[in-house]
Amino acid sequence: MLTYLHIADLGVIADATIEPAPGLTAVTGETGAGKTLVVTGLGLLLGQRADAGMVRHGSAKAVVDGGFLGVEGVSERLDELGAELDGGDAPELTVSRQVTAQGRTRAGLGGVAVPLGVLDEVVGALATIHGQSEQVRLATPERARQVLDQAGGPEFVPVLAGYRTAYASRRTAVAERDELVTQVQARAREADMLRFGLAEIEKVSPVPGEDESLAVEARRLQDVDDLRGLAAEADAALSGDDETFGAVGLIGQARKALERLAQHDEAAVGLSAQSVAALDATQGLAGEVASYLASLEADPVRLEAIAARQAELQGLTRKYGTTVDEVLEWARVSSARLDQLVGSDERIAELNEQITRLDEQLAVLATEMTSLRAQAGDRLSSAVAAELAALAMPHAAIEFELRPLPELGPWGAESVQLLFTANPGSPLAPISKVASGGELSRLRLAIEVVLADQGAQSDGRVPGTFVFDEVDAGVGGAVGLEIGRRLARLAKDSQVLVVTHLAQVAAWADRHYVVAKSDDGAITTAGVFEVTGDGRVAEIARMMGGLSDSQAGLGHARDLLAAVGEAS
């Protein structure tokens, strides 16, 4: 529900605030006074387009602010945006919009700057403006379908949801299947390439780290003479020869001397023990050096075999990786990719089966939706015709024509066309071709009233705020009274704002605002103020015949207000 609407420097309005009633609020004023700017301001909060021409002459920017209660339906989205609510027991959402004299625009939602699309998404779920654009939209198949589907009631909702889910699944499956089919030649080429590479690697059968170990072994065989010389030098130093003692012999002599020393001096016992350990270590090292020296033999056959193996491995590392380990990783990844490519044909078959199942499911759901739509169309047409009869269109009739589509679409098996006639004997035809502006206004109102009686709204929302602009265009007298009666009926469950020039409509309002224009000879300014008591009587009298100062006019206004009060 809209709690307030503040407008500053928008058109001829310098500064104005209205606080609509929870029920029906009327906005009236002389022709050209600027009362439609109230609708324009609310439209800006709903994300409608703006331009620099909206800014009041001489002002830097136009500003519109509003507050909304009952925002539970959009609370999750507000949390995602980080928007904050004001108040406690009844949290209020503040919405703002600015338009500069240069045409730049800004929007805010709960203190957070947001794109205009978010205003449309969030605030559009809280309020709906019914003006000429909405009447034009009613003539489109898309809008006609939305109205009819909402009239389908609770039994229609799960059927449509199931259809939409199945349709989305089918679309995803078809896209994947078509992509696989389209890429069949590319997949075949890629698979052949992978098979060739994997076969080449399998033929060589490399093992992890093989290239590094072969390089080490090759260097050892190539440097065998130098290695033998160094090893022999170390062996001689450790073991000695026929003429000299090596390290083993010398340490052996030292051990014997220290053993004798320890026999004479206990302080040398530790030295003797160390000499034993040193001799054991040196003898062990000498044995290992001797074994290493014995293993150093020239092996030209092995060296040639290593060179041949390295050549094979290099053939792989030139194509599939810089090392054998990288080649093996390429083989692992490519093998998995090959399995995927080979499995594509199986996947295509699976997708075709899935698409067939979904087609069968969609056909059943579409048939059920067609039947439910036909029933809803009959109910809604009959109820709307009754409302139109009360709005001085006794011969009006509507029909929701279901036109079969050549194939199932995202919303079922048919498009919906709203047909209308206002005269007996005239054939039903699309409303865009046969309905006048006044007839469209009354038709729009009749549909909303019927849907509200059914506990539904034509845009799928819970009851919120409706704004009607020019709903009384082209009508007057008793018809205006009936329009007011139906707006008041709609306002029992929803908040309704109506911009009207008819006293018969304004008289039904729970709260009444007047837009009045003045000028100082240079600048025209419109003010918005609430009228009550005698002030409201005077405004109703003005609307009835311009006799706001005559006793007769005021009497007629009081009679109208009294009659409406008794009928409410």
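Residues numbered from 1 in each chain as written. Predicted model: local features only at pLDDT ≥ 70, side-chain atom pairs only at ≥ 80, totals over all residues. Heavy atoms only, no water.

**Examining the overall build of the protein**
Okay, so step 1: A tally of regular secondary structure across the protein gives 20 helices and 15 strands.
Okay, so step 2: Oriented by its inertia axes, the alpha-carbon framework of the protein measures out at about 150 × 65 × 45 Å.
Okay, so step 3: A total accessible area of about 28800 Å² is found for the protein, and carbon and sulfur atoms account for 53% of it.
Okay, so step 4: If the 49 positive side-chain charges of the protein are averaged to one point and the 83 negative ones to another, these points end up 7 Å apart. (Helix = DSSP H or I, 4+ residues; strand = E, 2+ residues; numbered from the N terminus. Areas by Shrake-Rupley, 256 points an atom, 1.4 Å probe, with all protein chains shown as cover. Lys, Arg positive; Asp, Glu negative; His and termini not counted. Charge placed at Lys NZ, Arg CZ, Asp CG, Glu CD.)

**Remarks on the pairing of strand 1 (residues 2-10)**
Okay, so step 1: Among the nine residues that make up strand 1, seven are buried, leaving the element largely enclosed by the rest of the structure.
Okay, so step 2: The sheet contact formed by strand 1 and strand 4 (residues 61-68) spans six bridges and is antiparallel. In the strand pairing of strand 4, Ala8 is matched with Val63.
Okay, so step 3: Alignment of strand 1 against strand 2 (residues 13-18), held across five bridges, turns out to be antiparallel. Opposite Ile7, over in strand 2, you have Ala16 as the bridge partner.
Okay, so step 4: Here strand 1 folds back onto strand 2, and the loop between the two strands holds two residues, one of which, Gly11, carries a positive phi near 60°. (Buried < 20%, exposed > 50% of the residue type's maximum accessible area, 1.4 Å probe, protein only. Pairing = 2+ DSSP bridges.)

**A look at the sheet that holds strand 11 (residues 429-430)**
Okay, so step 1: One open sheet holds the three strands; their spatial order is 9-10-11, and the pairing between them is antiparallel. With partners counted over all chains shown, the strands left at the sheet margins are strand 9 (397-409) and strand 11, one partner each.
Okay, so step 2: Inspection of the sheet shows strand 9 paired to strand 10 (residues 412-421) by nine bridges, in the antiparallel sense. Bridge assignment links Ile398 to a residue of strand 10, and that residue is Phe420.
Okay, so step 3: Strands in contact with helix 5 (residues 141-151) are strand 9 and strand 10; relative to strand 10, the strand with the most contacts, it is inclined by about 95°. (Contact = heavy atoms within 4.5 Å. Axes fitted to C-alpha atoms, helices over the stretch in contact; angles between N-to-C directions.)

**Things to note about the packing of helix 5 against helix 14 (residues 344-390)**
Okay, so step 1: Axis separation between helix 5 and helix 14 bottoms out at 8 Å; the angle between their running directions is 90°. When the axes of helix 5 and helix 14 are compared, the pair comes out roughly perpendicular. Residue-level inspection shows Arg145, Val147, Leu148, Asp149 and Ala151 of helix 5 in contact with helix 14, the latter providing Arg373, Ala376, Gly377, Arg379 and Leu380.
Okay, so step 2: Residues belonging to the contact of helix 5 with helix 14 are distributed by class as follows: five nonpolar, one polar and four charged. (Parallel < 35°, antiparallel > 145°, perpendicular 65-115°, else oblique. Nonpolar A, V, L, I, M, F, W, Y, C, P; charged D, E, K, R; others polar.)

**As for helix 11 (residues 269-295)**
Okay, so step 1: Compared with the 39 Å implied by 1.5 Å per residue over 27 residues, the 40 Å span of helix 11 between its first and last C-alpha is a close match.
Okay, so step 2: Three or more residues of helix 11 are buried, namely Ser272, Ser275, Leu279, Thr282, Ala286, Val289 and Leu293.
Okay, so step 3: Next to the buried residues of helix 11 lie helix 9 (224-239) and helix 10 (247-264). (Expected span 1.5 Å × (residues − 1).)

**As for the confidence of the model for the protein**
Okay, so step 1: Taken residue by residue, the protein gives an average pLDDT of 88. The fraction at 70 or more is 95%.
Okay, so step 2: For the protein, per-element mean pLDDT is lowest for helix 4 (residues 132-138), which scores 65, and highest for strand 9, which scores 95.
Okay, so step 3: This stretch, residues 457-462, has a pLDDT under 50; its non-local contacts, to residues over four places away or in other chains, come to 24 contacts. (pLDDT = per-residue confidence, 0-100.)

**Here we look at the environment of Leu109**
Okay, so step 1: Residue placement: Leu109 occurs in strand 6 (residues 105-109).
Okay, so step 2: Here Leu109 falls in the buried class, since its relative accessible area comes to 0%.
Okay, so step 3: Apart from residues lying up to four places away in sequence, Leu109 is in contact with Leu78, Leu81, Ala83, Leu93, Thr94, Val95, Val114, Val118, Leu119, Val122 and Val123.

**Side note on the nonpolar core**
In a soluble, globular protein the nonpolar side chains are often hidden away together inside.
Okay, so step 1: Among the nonpolar cores identified, the biggest contains 45 residues, and Leu5, Leu42, Phe68 and Leu109 are the most heavily contacted of them.
Okay, so step 2: Of the residues forming this core, the biggest block, six residues, is contributed by helix 1 (residues 36-45).
Okay, so step 3: Ala26, Leu445, Ala488 and Ala509 belong to the second-largest nonpolar core, a separate cluster that totals 34 residues. (Core = buried A, V, L, I, M, F, W, Y, C linked by side-chain atoms within 4.5 Å.)

**Let's talk about the pattern of salt bridges**
Okay, so step 1: Following the criterion strictly, the structure yields 27 salt bridges and no others.
Okay, so step 2: One salt bridge connects Arg347 with Glu350, and the closest N-O pair in it is separated by 3.3 Å. Of the two residues, Arg347 and Glu350 are both situated in helix 14; the distance of three residues between them amounts to about one turn of the helix.
Okay, so step 3: One connected set of salt bridges, linked through shared partners, spans Glu142, Arg145, Asp149, Arg373 and Glu414. (Salt bridge = Lys/Arg side-chain N within 4 Å of Asp/Glu carboxyl O.)

**So, helix 1**
Okay, so step 1: Burial runs high along helix 1: eight of the ten residues are buried.
Okay, so step 2: Trailing helix 1 by a residue or two, Gly47 shows a phi angle of about 90°, which is positive.

**Details of the environment of Phe68**
Okay, so step 1: Looking at the element boundaries, Phe68 is found in strand 4.
Okay, so step 2: In this structure the C-alpha to C-alpha distance between Phe68 and Val384, which are 316 residues apart in sequence, comes to 30 Å.
Okay, so step 3: Beyond its immediate sequence surroundings of up to four residues, Phe68 is in contact with Met1, Leu2, Thr3, Leu42, Pro91, Glu92, Leu93, Val95, Val123, Leu126 and Ala127.

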